[in-house]
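# Chain and residue survey
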Amino acid sequence: MNTSLRKLPKVQTLMDSANAAPLIDVFGREHVTEAVREKIERARTKLLADAPMPEAILSERLFWTDISETLDQSREQSLKRVINASGIVIHTNLGRAPLAPEAIAAMSEIASTYSTLEFELDTGKRGSRHSHAETLICELTGAKAALVVNNCAGAILTVLSALANHKEVIASRGELVEIGGSFRMPDVITQSGATLKEVGTTNKTHPADYADAITESTALLLKSHTSNYAVVGFSASPTRGQLAEIAKANSLPLIEDLGSGVLVDLTPYGLPNEPVVKDVIAAGVDIVTFSGDKLLGGPQAGIIAGRKDLIDQIKRHPMARAVRVDKLSLAALIATLELYRAPSDPIARIPVLRKISEPIDLVRARAEHLADHCSSIEDLQTTIVPSKARAGGGSLPLQDLPSLALSLTHPDMSPDQLAEHLRAACPPVIGRISKEKLLIDLRTVSDEEISDLSSVLTTAFSS
Ligand SMILES: *Cc1c(COP(=O)(O)O)cnc(C)c1O
C-alpha cells in the first residue's frame, strides 16, 4: 500500500479549520465540503497511480486558494458578454443582433411591470398578443395581416402545419437546403405533416415544373431563400411574379421563406439585392416568413405576414400557440420596428444595419486607435490589414463587407494559441484566423467597446 495515502488530510479536519469558515459563509457548507472532498479524492487517485503528492495538498495555503478558485468558477455564468471581433456581423453563435437602446428600454419596462399583453383596455376583456405588432408589420411590409412567433424556423413549421397538413408542398430541388443548426427544409416540411413534392433540378427549375406538379393534393407552392448557399452559373428559377401567377391560376397560396427579411433597400450601401419584404409581398407572394434577429436587427422572433384569410387560419392552429412569442421579445421587436418608421433612420439607429453600412473611414479610425494602444504592449506585434467582413446569419452570402483588422503576432504563441488566450480573457474577445494570422476585425467592434478591448489586450499580454 502507498504509505503517502495516510498523509492525506481528512475532510472533516479541513472543514473544521479556520480557513473553511469564510468560504462557508459565501458558498454554503454543502458546496465547500463537496469541493474539499473532490480535491482530496483527486489527490488519492494520483497517489494510487504512484504520482507524487500534489503540492496543493502539502501547502494549506495553496489548498485553500485552489478551493476558493474552484468555488468562484462554479459561480461564473457560461452565458456572458463577449467582444465580437470576428468580422461576422450577424453571428448566430454569438447571439446574432445586438439590440438598439430603444428595444432594450422597452424590454426592461415590460419585464418589470404588468402589461396589456393579452388585455383590451377599451373593453376590459381578454385581448390577443398578436394584435400589438400586427399594425406595424403591415405598415412596413404592405401585408394585410401578421403574427409573430418564437423564431423563423417555428414560423415556417407553423405555416406549413396550418396550411399543408396531409397535403403536398411543391418546392424546387434548388431550394431544399440545410441552413445549419439541423434545420433542413425537407425535414421541416415532413415534420409539419405535409408531403414534399420536389420539382426541377439543383441548378434549374422552370415555371412549368411547378405548374405540371400541381394536383388535387397540392396545398401550396413554397419558395425559400437558400440562405448561406448560392446556386450560381448555369442556373435558373422562376420569378416571384411567374410563381404567383401559377399559384393564383390554381387557387393555391404561394409561400416564401425569406430567412433574413430586409425591410429597407440596402443597395445604396453597396449591398446586393437581398429581397425587401414589401417588394416580395407586392410581387404576389401570399405569405412570407422571416427572422427578427437577422438583418431586421431585433430580438429572436419569427414573423409571418401576408393574406388575412391565411393568417387567420394560421393564428387558430395549435402550433401557433406552441411557438408563440414571449412578451420581452415582442416588446423589443415592436420598439425595433418603430425605428423603421419615418422620420427615424433605421440605418443609423439599428446596430446591425449601422455596422454593415458604416463607412470604412470610421472602421479605420478604430483600427488606428487600437494599433496605437497596442504599440506599447511588449511582445505583441500588430499590423493593420485589409479584411473581408460578412453580414452573416445566412444573409448576403456572397457579399464581402470591406473592413480593416488588426493582425496579431506573438513570438511565443501560434495564431491558435493567441485566439485561445483572448477567448479566456474577461470579457472574452472572439477573433478570426485567416492565412495563419489572428485577426481582430474592427467592423464588428463598436466604438463603445474599444476601451474594453484595449484593456483586455494590455492585461492579456502583460507579463
Ligand atoms: C435563418 C433562416 C431560417 C431560420 O430562422 P431562425 O430565426 O433562426 O429560426 C429559416 N429560413 C431561412 C432561409 C433562414 O435563412
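Residues numbered from 1 in each chain as written. Predicted model: local features only at pLDDT ≥ 70, side-chain atom pairs only at ≥ 80, totals over all residues. Heavy atoms only, no water.

## Some thoughts on the environment of Arg-423
The line we're drawing: Note on conventions: DSSP H or I runs of at least 4 residues are helices, E runs of at least 2 residues are strands, and numbering of each starts at the N terminus. Only protein chains enter the accessibility calculation, which uses a 1.4 Å probe; a residue is then buried when its area is under 20% of its type maximum, exposed when over 50%, and partly exposed in between. Here, residues are in contact when the closest pair of their heavy atoms is within 4.5 Å.
As for its position among the elements, Arg-423 is in helix 19 (residues 415–423). Accessibility expressed as a relative area gives 47% for Arg-423, which makes it partly exposed. Each C-alpha atom, one on Arg-423 and one on Ile-83, is 9.4 Å from the other, the two residues being 340 residues apart in sequence. Those residues within four positions of Arg-423 in sequence are excluded, and the remaining contacts are Pro-428, Val-429 and Ile-430.

## A short note on the domain arrangement of the protein
Note the threshold: Domains are outlined according to an automatic or database domain assignment.
Domain boundaries in the protein define domain 1 (3–75), domain 2 (83–91 + 354–461) and domain 3 (101–349). Relative placement of domain 1 and domain 2: their C-alpha centres are 40 Å apart.

## Topic: the site of the ligand
Keep this limit in mind: Think of it this way: one heavy atom of a residue within 4 Å of a molecule or strand is enough to make that residue near it. Counted as a polar contact is a pair of N or O atoms within 3.5 Å, where, for protein atoms, one must be capable of donating a hydrogen and the other of accepting one, and residues adjacent in sequence contribute only when both atoms are in side chains. For every accessible area listed, the method is Shrake-Rupley and the probe measures 1.4 Å; residues are considered covered only by the protein chains on display. Under this grouping Gly is polar, as are all residues other than the nonpolar Ala, Val, Leu, Ile, Met, Phe, Trp, Tyr, Cys and Pro and the charged Asp, Glu, Lys and Arg.
Around the ligand, the structure places Arg-96, Asn-151, Cys-152, Ala-153, Ile-156, Ile-179, His-225, Ser-227, Asp-257, Gly-259, Ser-291 and Lys-294. Measuring from a nitrogen atom of the ligand, one finds a side-chain N or O atom of Asp-257 at 2.6 Å. One nitrogen or oxygen atom from the side chain of Lys-294 is found 2.8 Å from an oxygen atom belonging to the ligand. When the ligand sits alone it has 390 Å² of accessible area, and the protein chains cover 91% of it. The dominant element in the shell around the ligand, judged by the number of residues it contributes, is helix 8 (residues 152–164), at three residues. Its residues placed into classes, the shell around the ligand shows four nonpolar, five polar and three charged.

## Overview of unusual backbone geometry
The omega torsion across Ala-342 and Pro-343 is 5°, close enough to zero to call that bond cis. Structurally, Pro-343 can be placed in the loop between helix 15 (327–338) and helix 16 (346–349). In this model, Asp-379 sits at a positive phi of 75°, which is unusual for a non-glycine residue. Along the chain, Asp-379 falls in the loop between helix 18 (360–374) and strand 10 (381–392). The exposure class of Asp-379 is partly exposed, given its relative accessible area of 37%. One non-glycine residue with positive phi stands out, namely Glu-436, at about 65°.

## A look at the packing of helix 19 against helix 20 (residues 450–461)
Using the following cut-off: Between the N-to-C directions of two axes lies an angle of 0 to 180 degrees, each axis being a line fitted to C-alpha atoms and, for a helix, fitted only over the stretch in contact. Note that the term roughly parallel is reserved for angles under 35 degrees, roughly antiparallel for angles over 145, roughly perpendicular for angles of 65 to 115, and oblique for everything else. Two helices cross in a left-handed way if the nearer one is turned anticlockwise from the farther one by less than a right angle. They cross in a right-handed way if the turn is clockwise.
In the contact formed by helix 19 and helix 20, the axes pass within 10 Å of each other and the chain directions differ by 115°. Looking at the two axes, helix 19 sits roughly perpendicular to helix 20. Crossing angle aside, the handedness with which helix 19 passes helix 20 is right-handed. Note on element contacts: helix 20 touches helix 19 through Val-456, Leu-457, Ala-460 and Phe-461, opposite Leu-418, His-421 and Leu-422. Considering only residue class, the contact of helix 19 with helix 20 consists of six nonpolar, one polar and no charged.

## Considering the nonpolar core
Burial of nonpolar side chains together is a common tendency in soluble globular proteins. For clarity, the cut-off: Working definition of a nonpolar core: buried Ala, Val, Leu, Ile, Met, Phe, Trp, Tyr and Cys residues. They are joined through side-chain atoms within 4.5 Å.
The biggest cluster of nonpolar side chains holds 54 residues, and the ones touching the most others in it are Leu-221 and Val-288. Inspection of this core shows a minimum of three residues originating in each of domain 2 (83–91 + 354–461) and domain 3 (101–349). Beyond its immediate sequence surroundings of up to four residues, Val-288 is in contact with Glu-256, Leu-258, Val-277, Val-280, Ile-281, Ile-303, Ile-304 and Ala-305. Counting residues in hydrophobic clusters, the runner-up holds 31 residues, among them Leu-163, Leu-220, Leu-310 and Ala-320.

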